[in-house]
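Listed below are the residues making up each chain.
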Amino acid sequence: MRPGRGTPPMTVAVTSSGEMAAAPVATALRAQPRLRVLGQEQAARAEAMLIMAHELGEQTLKVMHDADRPPRGSGPQVVLVAERFGTERQLLRAVDHGLVCVLPRSRAGLDRIVLALLRTRDGRTPLDPPESMVRALRADLRALRNRSTSGLSGLALDAGEAEMLRLLADGLSSEDIALALNCPERKVQHVIHRSCTRLSLGHRTWAARAA
């Protein structure tokens, strides 16, 4: 399928971490009419960045950090193909730098990589929180708010994050919260992600769901 009339191809940067080779994948993606592959030096300007790596470690995190733009998380949306996905802390740092999709290397064929990249453009990514987790988070937030005089302040949130979670507890969706606060929905989803981790609502299960 070719891009719709008036819809430019999605800009993508392809890079690697460690000994993984990015060039063969970049060559294959250049043949995709819906994608326009940029050079690695232009990664910060791309809509999405594909990283090929053995694992999500410090070297891979540095690649994400170097391509990010202020405010943090405003750089390209990152699709990671790897064999191992690091610790919970490393996953959380990766999400803060734009990680939206993780694909196991053994199952990352070209078609699946292309689909993952294209889905980042319209916000449909495997790291979007499942509804069951959002419901659990809402219940925990309401309980925390009801039993604590300090409300959500105990979660070490900044004012914007606290307001997002208050609206979530009141039943608003991530899209509604983004509209109410005039901020990107991706940022709201990142706050939900971090809060699930802080409240121990199965971050590892969530990451595995993307596999």
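Preceding this section is the structure that the text describes.
Source: prediction; values computed, not measured.

Turning our eyes to something else, we now look at the side chain of Thr-60. Tracing the chain through its elements places Thr-60 in helix α2 (residues 58-67). Taking relative accessible area as the criterion, Thr-60 reaches 1% and is therefore assigned buried. Within polar-contact distance, the side chain of Thr-60 engages the backbone oxygen of Glu-55 at 2.9 Å. Dropping the residues within four chain positions of it, Thr-60 is found in contact with Ser-17, Ile-51, Ala-53, Glu-55 and Leu-80.

Turning to helix α4 (residues 110-121), a few remarks are in order. The terminal C-alpha atoms of α4, which comprises twelve residues, lie 18 Å apart, in line with the 16 Å expected from a rise of 1.5 Å per residue. All of the buried residues in α4 are Ile-113, Val-114, Ala-116, Leu-117, Leu-118 and Thr-120. The inward-facing, buried residues of α4 abut β1 (10-17), α1 (23-30), β2 (35-38), β3 (48-53), β4 (77-82) and β5 (99-104).

Let us now look at the environment of Glu-175. Here Glu-175 is to be found in helix α7 (residues 174-181). For the pair Glu-175 and Glu-185, spaced ten residues apart in sequence, the C-alpha separation works out to 5.7 Å.

Val-14, Leu-29, Leu-35, Leu-50, Leu-103, Ile-113 and Leu-117 are the most contacted members of the largest nonpolar core, which has 24 residues in total. Those elements giving two or more residues to this core turn out to be β1, α1, β2, β3, β4, β5 and α4. The leading source of residues in this core is α4, at five residues. Discounting residues that sit within four places of it in the chain, Leu-35 has contacts with Pro-9, Met-10, Val-12, Leu-29, Val-114, Leu-117 and Leu-118. In this structure, Leu-38, Leu-61, Val-63 and Ala-94 belong to the second largest nonpolar core, which totals 20 residues.

Calculation criteria
Residues numbered from 1 in each chain as written. Predicted model: local features only at pLDDT ≥ 70, side-chain atom pairs only at ≥ 80, totals over all residues. Heavy atoms only, no water. Helix = DSSP H or I, 4+ residues; strand = E, 2+ residues; numbered from the N terminus. Buried < 20%, exposed > 50% of the residue type's maximum accessible area, 1.4 Å probe, protein only. Polar contact = N/O pair within 3.5 Å; in protein donor to acceptor, adjacent residues only side chain to side chain. Contact = heavy atoms within 4.5 Å. Expected span 1.5 Å × (residues − 1). Core = buried A, V, L, I, M, F, W, Y, C linked by side-chain atoms within 4.5 Å.

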